[in-house]
Amino acid sequence: MRDYRVSLELIPCNGCRIDAAINAPGSGAWHSCVTGNDCNLRDSQDYTYWVNIPYAGNWTFSMCNDDSVWDSYLYLSSACCGGVIAEADAGCGGFELSTIDCVPLQPGGYYVTVEGWSTEDCGPFQLNVFECLGSCCY
């Protein structure tokens, strides 16, 4: 008899590493300077969230209202490291943090990758995922 140990991680076959998960609406925080460049969407280090969207609606993915001041870039994808639905460079009212506003989505799993605009850009962040309500959706 032998003892076997199994470790399960969220690493799809394409090499993308899922760093964390968020159930929407919700938020998650991390630091992108220590994560590596798994997706190669940009030349910077990246941090990838798997986001569960519970029902159809218009959803916002935002790094606004955080104290960080580094130049970020966001990707919203249907597949890990690919299938880009939306992307954003900045958008937080004069700050270099990014936001993707009011994207119509069906229930299911999506991927949000936090990147730096260039190889030198990285830092702490908080990603907030919430339903977009109001005039932006018209």
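Everything below is about the structure shown above.
Here the structure is a predicted model, which is why all the values come from computation and not from measurement.

### So, the overall build of the protein
Next, step 1: Helix and strand counts for the protein come out as 0 helices and 9 strands.
Next, step 2: Reading the secondary structure of the protein in the N-to-C direction produces β-β-β-β-β-β-β-β-β.
Next, step 3: Taken over 138 residues, the protein has a buried fraction of 43%.
Next, step 4: Put simply, of all contacts in the protein between residues at least 6 apart along the chain, 75% involve residues at least 24 apart.

### Remarks on the nonpolar core
Next, step 1: In terms of nonpolar packing, the biggest core is built from 26 residues, with Val51, Ile53, Phe61, Leu76, Leu127 and Val129 touching the most fellow members.
Next, step 2: For this core, the secondary structure elements donating two or more residues are β3 (46–53), β4 (57–62), β5 (72–79), β6 (82–89), β7 (99–105), β8 (108–116) and β9 (124–131).
Next, step 3: No other element matches the 4 residues that β3 contributes to this core.
Next, step 4: When residues no more than four places from it in sequence are discounted, the contact partners of Phe61 are Val51, Ile53, Leu74, Leu76, Ser98, Thr99, Ile100, Leu105, Val112, Leu127, Asn128 and Val129.
Next, step 5: Core analysis: the next-biggest nonpolar cluster, separate from the first, contains 5 residues, Cys16, Ile18, Cys80 and Tyr111 among them.

### Structural notes on the sheet that holds β4
Next, step 1: Read across the open sheet, the 4 strands follow the order β2-β9-β4-β7; overall the sheet is antiparallel. Edge positions in the sheet fall to β2 (26–31) and β7, since each has one partner strand and no second. With strand direction ignored, the average angle separating the axes of adjacent strands in the sheet is 15°.
Next, step 2: As judged from the 6 bridges shared by β2 and β9, these two strands associate in the antiparallel manner. From the neighbouring strand, Ser27 faces β9, where its bridge partner is Asn128.

### Focus: the sheet that holds β3
Next, step 1: The 5 strands are arranged β1-β3-β8-β5-β6 in an open sheet whose pairing can be described as mixed. Bordering the open sheet on either side are β1 (20–23) and β6, each of which pairs with just one other strand. Averaged over neighbouring strand pairs, the angle between their axes works out to 25° when direction is ignored.
Next, step 2: Sheet topology places β5 next to β8; 6 bridges connect them, and they run antiparallel.

### Some details on the environment of Asp121
Next, step 1: Considering the arrangement of structural elements, one finds Asp121 in the loop between β8 and β9.
Next, step 2: For Asp121 and Asp43, which are 78 residues apart along the polypeptide, the C-alpha to C-alpha distance reads 9.9 Å.
Next, step 3: With sequence-adjacent residues up to four places away left out, Asp121 is seen in contact with Ser44, Trp70, Asp71 and Gly116.

### Thoughts on the packing of aromatic side chains
Next, step 1: A complete count under the given rule lists 6 aromatic pairs for this structure.
Next, step 2: Taken together, a centroid distance of 5.7 Å and an interplanar angle of 70° make the contact between Tyr47 and Phe125 edge-to-face. A residue pair is termed long-range when its members are at least 10 positions apart, and Tyr47 in strand β3 and Phe125 in strand β9 qualify at 78 residues.
Next, step 3: The exposure class of Tyr47 is buried, given its relative accessible area of 5%.
Next, step 4: Seen from their ring centres, Tyr55 and Trp59 are 5.4 Å apart, and the 55° between their planes marks the pair as tilted.
Next, step 5: Relative accessible area serves as the criterion here: at 37%, Tyr55 is assigned to the partly exposed category.
Next, step 6: Through successive ring pairs, a cluster of aromatic residues spans Trp30, Tyr47, Tyr49 and Phe125.

Criteria and thresholds
- Residues numbered from 1 in each chain as written.
- Predicted model: local features only at pLDDT ≥ 70, side-chain atom pairs only at ≥ 80, totals over all residues.
- Heavy atoms only, no water.
- Helix = DSSP H or I, 4+ residues; strand = E, 2+ residues; numbered from the N terminus.
- Buried < 20%, exposed > 50% of the residue type's maximum accessible area, 1.4 Å probe, protein only.
- Contact = heavy atoms within 4.5 Å.
- Core = buried A, V, L, I, M, F, W, Y, C linked by side-chain atoms within 4.5 Å.
- Pairing = 2+ DSSP bridges.
- Axes fitted to C-alpha atoms, helices over the stretch in contact; angles between N-to-C directions.
- Phe/Tyr/Trp six-rings, centres within 6.5 Å; stacked < 30°, edge-to-face > 60°.

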